[in-house]
Each structure stands twice: as structure tokens, then as C-alpha cells.
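A look at the structure
Spelled out from the first residue to the last, the chains are:
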Amino acid sequence: MELAIFLLCTTVIVFVAGRRIGKCNQEYRDRIKCTTDFSKGKKKRLKESYNKRKKRIVVLMLLINFGILFVLKYLPVLAKPIGELISYMRPDFEMPVFQFLLPLGISFYTFQAMGYLIDLYRDKFKPEENLAKFALFLSFFPQIIQGPISRYDELAKQLYAPHKFDYRRVKYGLQLMLWGYFKKMVIGDHLAILTGCVFGNPEQYQGLYLICTAMLSWVELYVDFSGGIDVTRGVAEIFGIFLPENFRRPFFAGSLSEFWRRWHITLNNWWRDYIFYPLTLSKAFVNLGKRCRKRFGSDVGKKIPAMLALLVVRVINSVWHGAYIIYFVGGLYHGILIALAFLLEPQFAMLTKRLKVNTQCLSWKVFRIVRTFILISIPRLFYTARSWSDMVLYIRSAFCKFNPWIFFDESWYRLGLDRKTFQMVMVSMLVVFVVSIFQEKGYCIREKLEEQDLVFRWMIYLAGVLAVFFFGVYGLGYDASGFQYMQF
């Protein structure tokens, strides 16, 4: 019910605001078309006046929509430290308790709505004049819970076009859904049991328990989220809607920047188009670049504004995932490493050349992939921490003990998964890995499967269905809709 109310409010106010912006765009075009004696300066001033009108509308909508998101998502978390600070100055003060029910997927449709308005401000397309059609764009049911975040000019044409039944399309959609459920229910939900056991008891499970679990938690998050997106894209494909790809085998990335280009692609593209580029092109950053070039030289100076913008984007991305200080630290970690890699890229290239490293060989590519995976796994050591003391506890627990014997004394089979279940999960992960290798080489698995013998194809389908049915996580306490990204 809460989702419907917030979604309805967002739909109506963004629809009205979009029409107002579209009216400004049309008025400006009409003025330019009807007047032939415009000087260059006069035309520029006219455009600036219309841009100011549009900017007021966009800023108001951003404040309203992201303000609602902030209150619902962050105020309950920030209320405690704010209350402690005020109580320190005024002992008689009692901070009220804020507890809101966060509507599922509120972040995703908010980002999609704000992207629509910003694109209208940039005059990329004309506004939607039909409220029902706009509501369909903003609330298209497969993607509303956890994305992907679609652009109006890419999705609307598909939504409003007529669609006929297509057996091949339905078959491909069902295959993609089955693959998503396999990743989510057979691998992700089992790994969640293991990671929950270890991260829930950092004082008991120390050393390599925590280090290996941090790495497995990335796999868990990937199969959970990408599995949910596969189901979403599969359902949409059945209806003739092709949603954008949201993951492109991120664990094959050779650097942190490449990892984020492959991970949650639509969100990171949103940060890039609506935060990173506007920041780097803003007057403040342009002036900063000029000052830096004078002081540090052309090569380094021109990189500093981009590095700062990168840092801002990575911090915003992390804080969007959670309002705890640990997320802020994780964002700084990724932002600083990416910025340093960008700054020192020429030096790294020179070093590999002097060491005569063959950057095209398989071993070098594997080294870069492993290095990147280790780097992204470090913040996962304390991603469940909720305070500085918790973070210190997790780090101390991870590195205070070296216990390699856990790989040989069956310790891993006492973390909520028995031997058979653990081995089944490992085999399933291997299946995903092999499929990912073929996809990375450019093979379309569904098309290749289509070329195979009928009996073989149905053996694969049946194996997938039976795997989900027999090995998927079910039972009391299991939430079939519990994808991790639903609350973002």
C-alpha cells in the first residue's frame, strides 16, 4: 500500500513538472523560429532565461523526491547520533524516535523519474502528454522492485508499441528467468546462510573464516542481484520489452574502474550522466582545473577535477546503499583507489614496459582479475559493521589469526551448510563461472542452446528446473521475494 501511495505521488508531480519543462522548451523553440533578427548574445540570454525557469522546476522536484527518500531511508539511522550530540549539549533533551516503513524499490523509481526530468531539462525529447502512459513507464511492474533503471527514450517506445505473441521471445524469456532463479535460489540463498553465520559471529569465526567469507559475500551479492535482474528481464522479454543489461560479468574486470562499469550498469551510468559529467563541466570544477594546471602542470592538473568528481560519485554510491559510516568509508576506499589509478596510469604503463610485461598474455589478465577481486573484497570484511568499534572488531578478527587448517578439518561444513549442500553450491558456482567465460568470449548461450539437438536442450531445461526445485532454499522463514536490493 505504501509503495502505491508514494509511486502515485511521484508519478503525478513528475508528470506535471515534465509538462511544464516541455512547455518551456517549446516556447524557446517557437521564439527562435519566429524571430529572425536575434543576435548571438540575445539568443544566448534568451536561452539562459528559459534554462533558469526549467532549473527551478528540476531543483524543486529533486528536493521533493530525494527529500522524501532521505527522510524515509536515512532519518531513522541519523536520529540516534544527532540525538546523542544534542543531549550532550542539553541533557534534558529527548530525541523523538523515527521509524518509517521504507516502500520497496523507492530508490529505483525515484532515480528513473529524476532522470526523465533531467533529460527533459536537456531537451533530449518531448514530455509524455498522457498520464497513463507515463505511469506505465515509471511503474512497469517487472523492474519497479530492483531495477534496472531505464531511460524514457529507450523504454517508452517499447512500452507504447503494439506487441504480438512470439514463441521464440517467450522461450528466451523463460530461459532467462530459470537462469536467474538458479543463481538466486540455488547459490545466493545458500551462501547467505554461510555468510550470515560468519559475519554474525566475528569473534568466533576469525582469520581465514572472515577473509574467505568476505570474498564469498561478493559472489552471494552478485548471484542474488543479477539473478533478480535476470528474472526481471526475462518477464519483460516475454511481454516484448527488452530491458538494459545491468551486469556484464564484473568479476572478470581487470581494474576497479572496469569493475564498476560492469556492475549495476544502469545505476553507475546514472551517476556518470547526472552527477559526474555535470560536476566536471561545472564552472567551479572548470576553474579548479585551470588553477591545478597552473600549479601542477597540464597532465596532472587536468586530472584533478575528474579525480575529485570520481571520489564524490563513489561516496554517493556507497552512502546510497546505507546511511552507516562504514558505507562512507567503503566509498572513500573505492574512490581513492580509482582516482590514484587514473592519476598514476602513465607511470604504471611505463613500469610494465620497463619490466617487459606482456600485457596481452593470459597470466597477466588473470593477475589483474585476481588483484581486482582482492581489492574489492577488502571492504566486505566489515560491510555488516554499524560503528567504528564494529569495524575495528572485524578487521582485528580477520588478521589476528592464521588458521589454514579450516580448509582440511571440515570446518566449512559447520557454518550452516552440510558437506553435500556446500559441495552442491561450489559445483553450481562452477557452472555460473563456465557460462560466464563463454559469455565473455562473445557467445550467446541461448542462441547456442537453440542450435543443439532437441533432446539435449530439454535435458538442460529439465536439469535447471530440477536444480531449482530440489536444491533451492525453501521452508519456514524463507521469503521468496527477498532479493537484497529491494530496499534500495
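Below: a short report on this structure. Being a predicted model, the structure only gives us computed values, none of them experimental.

**Quick word on helix α17 (residues 388–399)**
- Here α17 is 12 residues long and its end C-alpha atoms lie 17 Å apart, about the 16 Å a rise of 1.5 Å per residue gives.
- Contacts made by the buried residues of α17 are with α7 (167–199), α8 (208–238) and α14 (325–343).

**Structural notes on the packing of helix α5 (residues 131–139) against helix α6 (residues 152–160)**
- At a minimum axis separation of 10 Å, α5 and α6 run at an interaxial angle of 115°. Note on packing geometry: the crossing formed by α5 with α6 is right-handed. Here Lys 133, Phe 134, Leu 136 and Phe 137 of α5 lie close against α6, whose contacting residues are Tyr 152, Leu 155, Leu 159 and Tyr 160.
- Residue classes in the contact of α5 with α6 are distributed as 7 nonpolar, no polar and 1 charged.

**Focus: the nonpolar core**
- In this structure, Ile 187, Trp 218, Phe 251, Phe 259, Trp 263, Trp 412 and Leu 415 are the most contacted members of the largest nonpolar core, which totals 52 residues.
- Mapped by element, the contributors of at least two residues to this core are α7, α8, α9 (256–262), α14, α16 (362–377), α17, α18 (419–440) and α20 (454–471).
- Counting residues in hydrophobic clusters, the runner-up holds 48 residues, among them Ile 21, Leu 120, Leu 243 and Ile 275.

**A few points about the pattern of salt bridges**
- Enumeration according to the criterion identifies 17 salt bridges in this entry.
- Here Asp 230 makes a salt bridge to Lys 183, at a shortest N to O gap of 2.8 Å. Highlighted residues: Asp 230 in helix α8 and Lys 183 in helix α7, separated in sequence by 47 residues. Here Asp 230 and Lys 183 have matching classes, each one buried.
- Taking the shortest distance from any N to any O, the salt bridge between Arg 248 and Glu 245 comes out at 3.4 Å.
- Residue Glu 245 is classed as partly exposed on the basis of its relative accessible area, which comes to 32%.
- Several salt bridges share partner residues, and in doing so they unite Arg 249, Glu 258, Arg 262 and Glu 440 into one network.

**What about α18?**
- Over its 22 residues, α18 runs 31 Å from end to end, which matches the ideal 32 Å to within 8%, given 1.5 Å per residue.
- Restricting attention to buried positions, one finds in α18 the residues Thr 421, Phe 422, Met 424, Val 425, Ser 428, Met 429, Val 432, Val 435 and Ser 436. Across the axial projection of α18, the buried residues extend over an arc of 160°, all falling on one side. Turned more than 90 degrees from where α18 packs its buried face, Lys 420, Val 427 and Leu 430 sit exposed.
- Its buried side turned inward, α18 meets α7, α8, α19 (445–450) and α20.
- Looking at the residues trailing α18, positive phi occurs at Gly 442, about 100°.

**Quick notes on the environment of Ile 265**
- Of note, Ile 265 is situated in helix α10 (residues 265–281).
- By relative accessible area, which is 6% here, Ile 265 ends up buried.
- Once the C-alpha coordinates of Ile 265 and Ile 149 are considered, the two residues, 116 residues apart in sequence, prove to be 9.0 Å apart.

**Comments concerning a nonpolar patch on the surface**
- Judged by side-chain polarity, Leu 8, Val 12, Ile 13, Val 16, Leu 60, Ile 64, Ile 68 and Leu 131 come together as a nonpolar surface patch covering roughly 610 Å² of accessible area.
- Sorting the residues of the nonpolar patch by element identifies α1 (2–34) and α2 (40–73) as the ones contributing at least two each.
- With 4 residues, α1 is the largest single contributor of residues to the nonpolar patch.

**Quick notes on a positive patch on the surface**
- Taken together, the side chains of Lys 290, Arg 293, Lys 294 and Lys 302 present a region of like positive charge at the surface.
- Given a relative accessible area of 77%, Lys 294 falls into the exposed group.

**Details of the packing of aromatic side chains**
- Applying the stated criterion across every chain yields a total of 44 aromatic pairs.
- Ring geometry for Phe 66 versus Trp 270: centroids 6.4 Å apart, planes at 75°, classification edge-to-face. Within this pair, whereas Phe 66 is found in helix α2, its partner Trp 270 is found in helix α10, the two being separated by 204 residues in sequence.
- With a centroid separation of 5.9 Å and 65° between ring planes, the pair formed by Phe 111 and Trp 320 is classed as edge-to-face. With Phe 111 in helix α4 (residues 106–121) and Trp 320 in helix α13 (residues 304–321), this residue pair connects regions lying 209 residues apart in the sequence.

How each quantity is defined
- Numbering of residues starts from 1 in every chain and runs along the sequence as written.
- Only residues with pLDDT of at least 70 get local features here, since the model is predicted, and only at 80 or more are side-chain atom pairs given and counted; chain-wide, interface and lining totals rely on the full set of residues.
- Hydrogen atoms and water are omitted, and side-chain values are computed over all heavy atoms in the structure.
- Working definition: helices are DSSP H or I runs of at least four residues, strands are E runs of at least two. Numbering for both runs from the N terminus.
- Take the residue count of a helix, subtract one, and multiply by 1.5 Å to get its expected span.
- Contacts are assigned to residue pairs that have any heavy atoms within 4.5 Å of one another.
- Every angle, taken between N-to-C directions, lies between 0 and 180 degrees, and every axis is a line fitted to C-alpha atoms, over only the stretch in contact when it is a helix.
- Each helix crossing is assigned a hand: it is left-handed if the near helix lies turned anticlockwise from the far helix by less than a right angle, otherwise right-handed if that turn is clockwise.
- The classification used treats Ala, Val, Leu, Ile, Met, Phe, Trp, Tyr, Cys and Pro as nonpolar, Asp, Glu, Lys and Arg as charged, and all other residues, Gly among them, as polar.
- The nonpolar core is taken to be a set of buried Ala, Val, Leu, Ile, Met, Phe, Trp, Tyr and Cys residues, with the residues joined through side-chain atoms within 4.5 Å.
- Only protein chains enter the calculation, and the probe is 1.4 Å; a residue is then buried if its accessible area is under 20% of its type maximum, exposed if over 50%, and partly exposed in between.
- For this document, the term salt bridge refers to a Lys or Arg side-chain nitrogen within 4 Å of an Asp or Glu carboxyl oxygen.
- The arc in question is the one traced by the directions running from the helix axis out to the C-beta atoms.
- In this analysis, a patch consists of residues with relative accessible area above 30% that form no salt bridge, clustered at 9 Å for like charges and at 5 Å for the nonpolar side chains Val, Leu, Ile, Met, Phe, Trp and Tyr.
- Under the convention used here, a 1.4 Å probe and the Shrake-Rupley method define accessible areas, while residue burial counts only the protein chains that appear.
- Charge counting treats Lys and Arg as positive and Asp and Glu as negative, with His and both chain ends excluded.
- Every charge is mapped to an atom, namely NZ of Lys, CZ of Arg, CG of Asp or CD of Glu.
- Each Phe, Tyr or Trp ring (for Trp, its six-membered ring) is paired with any other whose centre lies within 6.5 Å, and the angle between the two planes then decides the class: stacked below 30 degrees, edge-to-face above 60, tilted in between.

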